[in-house]
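Analysis of the macromolecular model
Each chain is listed here by its residues.
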Amino acid sequence: MNIQGIEYTELVERFGTPLYVYDGDVLLRTLSALSGALHPALEAFFSLKSNPNISVFATLLEGGARAEVSSLVELRTALLAGAEARDIIFLGPGKSDDELAACLEAGVYAIVAESFDEVDRIDRLADERGVRQRVLLRINPAFTVRGSRLTMGGRPLQFGIDEALVLAAGDLSSRWRNAEPAGIHVYMGTRILDADIIGRNTRYILDLADRVAAATGIPLEAVDIGGGLGVAYFDGEEDLDEKRVAECINPLIEEFARTHPGTRLLMESGRFLTARAGVYVVSVRYVKESMGKWFAVADGGTNHHMAAVGIGSYTKRNFPVALLNRPHDDSAPRPWTITGPLCTPNDTLLKGAVLPPLREGDLLGVTRSGAYGPSASPGRFLSHGFPAEVLVRDGAAHLVRSRDLPDDLLRQQHLYARTPAPTSTRDEG
């Protein structure tokens, strides 16, 4: 198998395994299809948490994506990749003063505040620097989304300010001197595969924005409708159709934009933009039979791809997988359990995956792995470190993250040297 005409075997010869490979053409096509389908007033902000590799974001930036960041390093990544500060928002619970200060100094478009106390902190830090900072209030809605694989609203959470508290807060337009509440942010859930649900979420959020503005007096300079667009990983799931999503939300955006001509409308997307562009490549070290079941033990596993464990699922389901280095032998397929090098039975990438007879040296590719890969995995477990990452653009492969080497892992450790206890000088006589 190949990617943009480059055989995976060639990539492995150059960069080794385990290896993440990202297809830049797929990144750009996915962003273009989404942006082309959605109302032009709706801006796509890439959630760097889904894949913080600077070259992955730079590719999406080239295609017109903005940046949604949630840490100091993600903020620096976005800026180093070339994002304009006006196209960056910073969100997430538990922001440090250093992170807030970096936002103020960079002049990001908005900080998304998770509590009124956080607005107080932003106000204090902005006052110390003699600047004013736009703030979006993240609201934990009273409405609970159905059809989300991970619900992010409508229940007690560390995220956002409860809808009822915001609506009962009174006039917020002049409560702070240097922090400027200028709109709302709502994120209902993630990995949603039903366009009708996305439509219902969007309708609720836009209505909520008007209710918040009326109750608190804050202007609606911006409304972030979240996102949560899902990707099909498992049997029985189907990918979202961008055109169907557009049918559900574009009329709502059109009406809101018409009645709020000065409001900036934001949608976040992470997994949807990157998942299908990535392949996690591992090499089979050996195969074995145990009590009638066949195992292929690979050089990488859940230490690099925790999502493949099935976190958030009640049952283990397999990501799609492909044999990359040779044609499939369909004469005797059998169920295989693909495991990694960790000392735990939980290190199972695939369970009961039907594959042809495997052998030492085979290359397996776990596809749809461009989101929540290395950065969401325990890469230092057993001190194996993180894999190399490669981006393929225009038929050429580029190393975009070096593999962790033993010296890299040891460099930040410090050997404690115990000071010997002093020798007694007491006269024993």
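Throughout, residues of each chain are indexed from 1 in the direction in which the sequence is written. Since the coordinates come from a predicted model, pLDDT governs what is reported: local features require at least 70, and pairs of side-chain atoms require 80 or more to be given and counted, while whole-chain, interface and lining totals use all residues. Each side-chain value is derived from all of the structure's non-hydrogen atoms; neither hydrogens nor water enter the calculation.

1. Let's talk about the overall build of the protein
- Counting secondary structure elements, the protein contains eleven helices and 22 strands.
- Over its C-alpha atoms, taken along the principal directions, the protein stretches across nearly 90 × 65 × 40 Å.
- Buried residues in the protein amount to 53% of all 429 residues.
- Each accessible area value is a Shrake-Rupley result obtained with a 1.4 Å probe; residue values ignore everything except the protein chains displayed when judging cover. In the form shown here, the protein has an accessible surface area of approximately 19,700 Å², with 50% of it arising from carbon and sulfur atoms.
- Charged side chains in the protein number 45 positive and 56 negative. The centres of these two groups are separated by 3 Å. Counting from the N terminus, the helices are DSSP H or I runs at least four residues long and the strands are E runs at least two residues long. For every residue, the accessible area (1.4 Å probe, protein chains only) is compared with the maximum for its type, and the residue is labelled buried under 20%, exposed over 50%, or partly exposed between those bounds. None of His or the chain ends enter the tally, which takes Lys and Arg as positive and Asp and Glu as negative. Think of each charge as sitting on NZ of Lys, CZ of Arg, CG of Asp or CD of Glu.

2. A short note on helix α3 (residues 54–62)
- All of the buried residues along α3 are V56, F57, T59 and L60. In a view along the axis of α3, the buried residues occupy a sector of 155°, so they form one face of it.
- Whenever a nitrogen or oxygen atom comes within 3.5 Å of another N or O atom, the pair is scored as a polar contact, on the condition that within protein one atom can donate a hydrogen and the other can accept it, and that pairs from neighbouring residues in sequence are kept only if both atoms are in side chains. The backbone nitrogen of S55 has a side-chain oxygen 2.9 Å away, supplied by the residue at the start of α3, namely N53.
- Looking at the residues trailing α3, positive phi occurs at G64, about 105°. Picture the helix axis, draw a direction to every C-beta atom, and the arc is the one those directions span.

3. Focus: the layout of surface pockets
- Residues are said to line a cavity or pocket when one of their atoms sits within 4 Å of a point; the points come from a 1 Å grid over protein atoms alone, cavities being sets where a 1.4 Å probe fits but cannot get out and pockets being open sets with protein on both sides within 12 Å along at least five of seven lines. Grid points are joined across faces, edges and corners, and a volume is the space filled by probe spheres set on the points. One number sums up the size of the second largest pocket: a volume of about 260 Å³.
- Lining the second largest pocket are 17 residues, with P374, S375, F386, E389 and R401 sitting closest to its centre.

4. Concerning the packing of helix α5 (residues 97–106) against helix α6 (residues 116–129)
- All axes here are fitted lines through C-alpha atoms, helices being fitted over the stretch that makes contact, and every angle between N-to-C directions spans 0 to 180 degrees. Close contact between α5 and α6 brings their axes to 10 Å; oriented N to C, the two are set at 55°. As summarised for this structure, α5 and α6 are arranged oblique, according to the angle between their axes. α5 and α6 meet at a crossing whose hand is right-handed. Along the contact surface, α5 presents D97, L100, A101, L104 and E105, while α6 presents R121, I122, R124, L125, A126 and R129.
- Amino acid classes used here: Ala, Val, Leu, Ile, Met, Phe, Trp, Tyr, Cys and Pro are nonpolar; Asp, Glu, Lys and Arg are charged; the rest, including Gly, are polar. Taken together, the residues that form the contact of α5 with α6 break down as six nonpolar, no polar and five charged. Should an angle fall under 35 degrees it is called roughly parallel, over 145 degrees roughly antiparallel, and 65 to 115 degrees roughly perpendicular, with every other angle called oblique. We call a crossing left-handed when the near helix sits turned anticlockwise from the far one by less than a right angle, and right-handed when that turn is clockwise. Here, residues are in contact when the closest pair of their heavy atoms is within 4.5 Å.

5. Some details on the side chain of R393
- In this fold, R393 is placed in strand β21 (residues 388–393).
- A polar contact is formed between the side chain of R393 and the side chain of E62, at a distance of 3.2 Å.

6. Section: empty space enclosed by the protein
- Per the stated rule, a full pass over the model turns up one cavity of 30 Å³ or more.
- Considering the residues around the largest cavity, the lining is formed by M188, G189, I192, I198, N201, T202, I205, I225, G227 and M267.
- The leading source of residues in the lining of the largest cavity is helix α8 (residues 195–216), at four residues.
- Residue composition of the lining of the largest cavity, grouped by class: six nonpolar, four polar and no charged.

7. Let's talk about the pairing of strand β7 (residues 110–113)
- Residues A110 and V112 line one face of β7 and the alternating positions I111 and A113 line the opposite face, and both faces are buried.
- One ladder, built from two bridges, connects strand β6 (residues 88–90) with β7; its direction is parallel. Paired with F90 across the bridge in β7 is I111.
- The β-α-β motif built from β6, the intervening α5 and the parallel element β7 has right-handed crossover chirality.
- Assignment of crossover handedness uses the view with strands pointing away from the viewer, where a clockwise path from the first strand over the helix to the second indicates a right-handed crossover. What joins β7 to strand β8 (residues 133–140) is α6, and the crossover it makes is right-handed. Pairing between strands is defined by DSSP: at least two bridges between the two strands are required.

8. Let's talk about the packing of aromatic side chains
- Pairing of aromatic side chains here covers Phe, Tyr and the six-membered ring of Trp, requires ring centres within 6.5 Å, and sorts the geometry by plane angle: under 30 degrees stacked, over 60 edge-to-face, intermediate tilted. Summed over the entire model, instances satisfying the criterion amount to eight aromatic pairs.
- Look at Y20 and Y22: their rings are 6.2 Å apart centre to centre, the planes differ by 25°, and that puts the pair in the stacked class. An identical accessibility class is assigned to Y20 and Y22; each is buried.
- Each member of the aromatic cluster is reached from another via a ring pair, and the members are Y20, Y22 and Y280.

9. Some words on the pairing of strand β5 (residues 66–69)
- By the bridge criterion, three bridges tie strand β4 (residues 42–47) to β5 in an arrangement that is parallel. When the sheet's bridge partners are listed, F46 is paired in β5 with A67.
- In this view, the connection linking β4 to its parallel neighbour β5 by way of α3 has right-handed handedness.
- In this structure, β5 lies alongside β6, joined through three bridges in parallel fashion. Each residue of the ladder has a partner; that of A67, found in β6, is I88.

10. Some words on the confidence of the model for the protein
- Per-residue confidence from the predictor is reported as pLDDT, which spans 0 to 100. Averaged over all residues, the pLDDT of the protein equals 92, while 93% of them reach at least 70.
- The model gives residues 147–153 a pLDDT under 50, and that stretch makes 28 contacts with residues more than four places away or in other chains.

11. Quick word on unusual backbone geometry
- Note that the residue after T17, namely P18, is joined by a cis bond; omega there is -5°.
- Although it is not a glycine, R191 sits at a positive phi angle of roughly 55°.
- Looking at the secondary structure, you find R191 in the loop between β12 (189–190) and α8.
- Overall, the relative accessible area of 7% leaves R191 in the buried class.
- Non-glycine residue R368 carries a positive phi angle of around 55°.
- When you line up the elements, R368 lands in the loop between β20 (363–367) and β21.

12. Points about helix α4 (residues 72–81)
- Every buried residue of α4 is listed here: E74, L75, T77, A78 and A81. Burial along α4 is one-sided: seen end-on, the buried residues are contained in an arc of 160°. The outward face of α4, more than 90 degrees from its buried face, is lined by the exposed residues V73, R76 and L80.
- Buried positions along α4 lie against α3, β5, β6 and α5.

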